[in-house]
Amino acid sequence: MNTTCGYTLQREIVDVLLDENPNITESQIQEAGGGVVALVLSVESARKMRLYRLAKELTFHSRYSAARVVAVSMPTGRGTAWEVLPLSYLQGLADEAVSTKDQRRLEAALRPRV
């Protein structure tokens, strides 16, 4: 996995994701759109993310992947925080950040709610 972009993005089967991460519940997955496959976005640094690349990857997955939700992990002082978001919502924020060259709304959406 290439980690020089400030993030990593990979597909995961929802059942495996739930087994490996007790901080994510099935109800969170269902509220965000459900499905059998989810994307896992591991954010290293929201400010260092390559927005254009992230927007392209999210667009690709929204068109050609079965994933409809994104589980976002971000390191905090207390460990790793998880947030589950609809893929379409995150894709819209990434596209907006690219077009306006302002990523504050995207950073706010990725900020862990601890």
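Further up the page is the structure itself.
Residues numbered from 1 in each chain as written. Predicted model: local features only at pLDDT ≥ 70, side-chain atom pairs only at ≥ 80, totals over all residues. Heavy atoms only, no water.

Draft legend 1. Structural detail: the side chain of His61. With respect to the helices, strands and loops of the structure, His61 is situated in helix H3 (residues 51-64). By relative accessible area, His61 is classed as buried at 11%. Dropping the residues within four chain positions of it, His61 is found in contact with Leu9, Arg11, Leu39, Ala67 and Leu87. (Helix = DSSP H or I, 4+ residues; strand = E, 2+ residues; numbered from the N terminus. Buried < 20%, exposed > 50% of the residue type's maximum accessible area, 1.4 Å probe, protein only. Contact = heavy atoms within 4.5 Å.)

Draft legend 2. Geometry of the environment of Ala108. Secondary-structure assignment places Ala108 in helix H5 (residues 104-110). Its relative accessible area of 34% is what places Ala108 among the partly exposed residues. For Ala108 and Ala46, which are 62 residues apart along the polypeptide, the C-alpha to C-alpha distance reads 9.3 Å.

Draft legend 3. Examining the packing of H3 against helix H4 (residues 87-100) more closely. Direction vectors running N to C along H3 and H4 enclose 145 degrees, while the axes themselves pass 9 Å from each other. In this structure, H3 meets H4 at a crossing whose hand is left-handed. Packed against H3, whose contacting residues are Leu51, Tyr52, Ala55, Leu58, Thr59, His61 and Ser62, the element H4 presents Leu87, Leu90, Gln91, Ala94, Asp95, Ala97 and Val98 at the interface. When the residues that make up the contact of H3 with H4 are grouped by side-chain class, the tally is 9 nonpolar, 4 polar and 1 charged. (Axes fitted to C-alpha atoms, helices over the stretch in contact; angles between N-to-C directions. Left-handed = near helix turned anticlockwise from the far one by under 90°. Nonpolar A, V, L, I, M, F, W, Y, C, P; charged D, E, K, R; others polar.)

Draft legend 4. Expanded view of the pattern of salt bridges. Within the structure shown, the criterion is met by 1 salt bridge. For Glu57, the salt bridge goes to Arg53, with nearest N and O atoms at 3.2 Å. Here the residue Glu57 and the residue Arg53 both occupy positions in helix H3, the gap between them amounting to 4 residues, near one helical turn. (Salt bridge = Lys/Arg side-chain N within 4 Å of Asp/Glu carboxyl O.)

Draft legend 5. Expanded view of the packing of aromatic side chains. Per the stated rule, a full pass over the model turns up 1 aromatic pair. When the ring of Phe60 is compared with that of Tyr64, the centres are 5.2 Å apart and the planes differ by 45 degrees; the resulting orientation is tilted. With Phe60 and Tyr64 both in helix H3, this residue pair falls 4 residues apart, about one helical turn. The exposure class of Phe60 is partly exposed, given its relative accessible area of 47%. (Phe/Tyr/Trp six-rings, centres within 6.5 Å; stacked < 30°, edge-to-face > 60°.)

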